[in-house]
Amino acid sequence: MTALKEPVQTADIQTALVPVSVVYGDGIGPEIMGATLRILAAAGAQIAPQEVRMGEALYKAGHTSGFAPDAWDMLRQTGIMLKAPITTPQGGGYKSLNVTLRKTLGLYANVRPCRAYAPYVPTHHPDMNLVIIRENEEDLYAGIEHRQTREVMQCLKLITRPGCEKIVRYAFEYARANGRKKVTALTKDNIMKMCDGLFHTVFDEISAEYPDIKAEHQIIDIGTARVAARPEAYDVIVTLNLYGDIISDVAAEVAGSVGLAGSANIGDTFAMFEAIHGSAPDLAGQDAANPGGLISAAALMLGHLGQHEVAAKVQNALLCALEDGMHTQDIAGPHTKEVLGTQAFADAVIERLGRVPQHLPAVTAEAQAKEMPVRQPTTPAYIDKQLVGTDVFFEWTDSGRDPDVLAAILQEAQLRNIPLKMITNRGVKVWPGGLPETFKSDHWRCRFQSDTPVKHGDLLALLIRVHDKGLDFIKTEHLYTFDGEPGYSLGQGQ
Ligand code: NAD
């Protein structure tokens, strides 16, 4: 095993430098962080690294969140973090530290540049150079899950208008500041007409404010297939949390350089920078990992801090090392001259500080130096909201699961002004007029709806009558109109 070089010590750094929280991480983390901090110091980065403890050792010490008790205070003092990957212990009971960090610190934008370094790093797509901007806080990652019946689990997908506005505006401002020409939104609004539909609507509204940037929308499934097959057709992609999670790994893999990609997690008051890969336990302690992803992340961080000259210097030195065939084993190919270990690769980058690449496009300080204005989401004008009924969900398995029987019981319980309108099972209408072929789980949605506004007291009275029938109601979702438009989906089959 090769000995690691000494990491930069906090005591060596002058106090005038920008304090940066540094997480050394697990697995290959300490090796690639040591290598990266050496490069930053040699390049003249004006930062003072301050170690914050989180990760596997903390999980194992009984902190289920993976954080040391003082971690949050330390993070909030710096407002910026360079983070090596963390190993998430196997088994239940442990929370994802990354999801906790993003949501707790309000890191709403996950920015992942994915580019090819052809011909120096082998790839099928030499012209690929795209950026994925993933919404980072909402969607199915809210972690609100329930077992509602013996047969059915539920995970809530929450999409907010302010969340959509922030991420879509960020994507367009990013495109403008970085000389990008096109923003593509990816959603599944043909199926999730309200949640993904909101994202698409907001995208259309905000794109109109950026006539200099081309805007297009694609359905996520064909979009993902095209990113895999023709990534060079994309410039900036903006998408919801789960889709962004998946497509950014597809893009990184297609670029051929998972070990070279860095990412930024941006919030209004905090920013976190990390490589996109994990802690690679299979390589830990062998001086074999590629530190390029964390070096790229560190360059993104320097740009964020306004240290554009140093950011460009670091990135150009990295490109020079790649061009000169100085490669770690994961990117070795026909253009490799020397296969280097982690620390030797860092030395190769340090030797090239101050040089610009001859063939790969050089990075300039000016190209990164544009400010990205921050605009807070708009407060919507007054919206008239009226309660018009409720969907009551039941667990019910009696009478051979015959929906006509359930309907008859519910019609006895219904209030005159809020009649039963329909019953669905897994979203498919089974009453009135269902088909015997439709599979019926033990989870029934029963819609009681009025033609005129009702009061919450009416719904409580309805629930008491339903309860008196001996039915197990497991949840309710109230039905509202917003400026007269229904705020609820219609059942399939209607
Ligand atoms: P991984 O990214 O760690 O490894 C996948 C493959 O890529 C492995 O073969 C590995 O050797 C290789 N690889 C990764 N980084 C490399 C590098 N810099 N240089 C050379 N090769 C590299 O993914 P995994 O194995 O699925 O996850 C391992 C651990 O990392 C898990 O505990 C997971 O939860 C965690 N993880 C953490 C983060 C994070 O902290 N941001 C992200 C992803 C995974």
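Given the structure is predicted, the values throughout are model-derived calculations rather than measurements.

Draft legend 1. Summary view of the domain arrangement of the protein. Examined at the domain level, the protein breaks down into domain 1 (11-368) and domain 2 (385-486). Placing a centre on the C-alpha atoms of domain 1 and another on those of domain 2 gives a separation of 45 Å. Across the boundary between the two partners, domain 1 contributes six residues, which contact seven residues of domain 2. Across the domain 1/domain 2 interface, buried area totals approximately 680 Å², and carbon plus sulfur atoms make up 43% of it. For domain 1, the biggest contributors to the area lost against domain 2 are Gln148, Thr149 and Glu151; these three give 65% of the whole. Our count for the contact surface shared by domain 1 and domain 2 stands at two salt bridges. Among the ionic pairs, arginine 401 bridges to glutamate 151, the shortest N-O distance being 2.8 Å.

Draft legend 2. Inspection of the side chain of threonine 239 at higher detail. Relative to the elements of secondary structure, threonine 239 occurs in strand β10 (residues 236-239). There is a polar contact of 2.7 Å between the side chain of threonine 239 and the backbone oxygen of leucine 186. Once you skip the residues sitting within four places of it in the chain, threonine 239 turns out to touch Ile133, Arg134, Glu135, Leu186, Phe199, Ile220, Gly244 and Ile247.

Draft legend 3. Looking closely at the site of the ligand. The immediate surroundings of the ligand are formed by 18 residues, with Ile86, Gly278, Ala280, Asp282 and Asn290 found nearest. Between the ligand and the protein, one listed contact pairs an oxygen atom with a backbone N or O atom of glycine 278 at 2.7 Å. When the free accessible area of the ligand is taken as 820 Å², the share hidden by the protein chains comes to 66%. Among the residues forming the shell around the ligand, the class breakdown is seven nonpolar, seven polar and four charged.

Draft legend 4. Representation of the environment of tyrosine 59. Relative to the helices and strands, tyrosine 59 resides in helix α2 (residues 56-60). Sequence separation between tyrosine 59 and threonine 88 is 29 residues; the distance between their C-alpha atoms is 8.4 Å. When neighbours within four sequence positions are excluded, tyrosine 59 is seen to be in contact with Thr64, Ser65, Gly66, Ile86, Thr87, Thr88, Pro89, Tyr94, Lys95, Ser96 and Leu97.

Draft legend 5. Region of interest: the sheet that holds β10. Pairing is mixed in the open sheet, where 10 strands are placed in the order β2-β1-β3-β12-β11-β4-β5-β10-β8-β9. Pairing within the sheet leaves two strands with one partner each, and these edge strands are β2 (47-51) and β9 (214-219). Averaged over all pairs of adjacent strands, the angle between strand axes in this sheet comes to 25°, irrespective of strand direction. Strands β1 (18-23), β2 and β3 (80-83) of the sheet are contacted by helix α3 (residues 71-78), whose axis makes an angle of about 145° with β1.

Draft legend 6. Quick look at the pattern of salt bridges. All told, the structure shown has 25 salt bridges when counted by the stated rule. Note that aspartate 139 is salt-bridged to lysine 157, the shortest N-O span being 3.7 Å. With aspartate 139 in the loop between β5 (129-135) and β6 (145-147) and lysine 157 in the loop between β7 (153-155) and α5 (161-177), the pair connects residues that are 18 residues apart, well separated along the chain. Per residue, the accessibility class of aspartate 139 equals that of lysine 157, and both read buried. A salt bridge links arginine 176 to aspartate 212, with the nearest nitrogen and oxygen atoms 2.8 Å apart.

Draft legend 7. Focus on helix α13 (residues 403-413). Considered for burial, the residues of α13 that qualify are Pro403, Leu406, Ala407, Leu410 and Ala413. When α13 is viewed along its axis, its buried side chains cluster within an angular range of 115° and face the same direction. Elements that come into contact with the buried residues of α13 comprise β15 (385-395), β16 (420-425), β17 (428-431), β18 (443-449) and α14 (456-468). Where α13 begins, one side-chain oxygen reaches toward the backbone nitrogen of aspartate 404, 2.9 Å away; that side chain belongs to aspartate 402.

Draft legend 8. Region of interest: the confidence of the model for the protein. Across the protein, the average pLDDT comes to 92, with 95% of residues at 70 or higher. Within the model, the stretch residues 1-15 combines pLDDT values under 50 with 20 contacts to residues more than four positions away or in other chains.

Draft legend 9. Up close: the pairing of β16. Burial analysis of β16 places five of its six residues in the buried class, the great majority of the element. Looking at chain direction, β16 and β17 are connected through three bridges and run antiparallel. Its bridge partner lying in β17, threonine 424 is registered against lysine 429. Connecting the antiparallel pair β16 and β17 is a turn made up of two residues, with arginine 426 showing a positive phi of about 55°.

Criteria and thresholds
- Residues numbered from 1 in each chain as written.
- Predicted model: local features only at pLDDT ≥ 70, side-chain atom pairs only at ≥ 80, totals over all residues.
- Heavy atoms only, no water.
- Domains from an automatic or database assignment.
- Contact = heavy atoms within 4.5 Å.
- Buried area = accessible area lost by both parts, 1.4 Å probe.
- Salt bridge = Lys/Arg side-chain N within 4 Å of Asp/Glu carboxyl O.
- Helix = DSSP H or I, 4+ residues; strand = E, 2+ residues; numbered from the N terminus.
- Polar contact = N/O pair within 3.5 Å; in protein donor to acceptor, adjacent residues only side chain to side chain.
- Near = heavy atom within 4 Å.
- Areas by Shrake-Rupley, 256 points an atom, 1.4 Å probe, with all protein chains shown as cover.
- Nonpolar A, V, L, I, M, F, W, Y, C, P; charged D, E, K, R; others polar.
- Pairing = 2+ DSSP bridges.
- Axes fitted to C-alpha atoms, helices over the stretch in contact; angles between N-to-C directions.
- Buried < 20%, exposed > 50% of the residue type's maximum accessible area, 1.4 Å probe, protein only.
- Arc of directions from axis to C-beta.
- pLDDT = per-residue confidence, 0-100.

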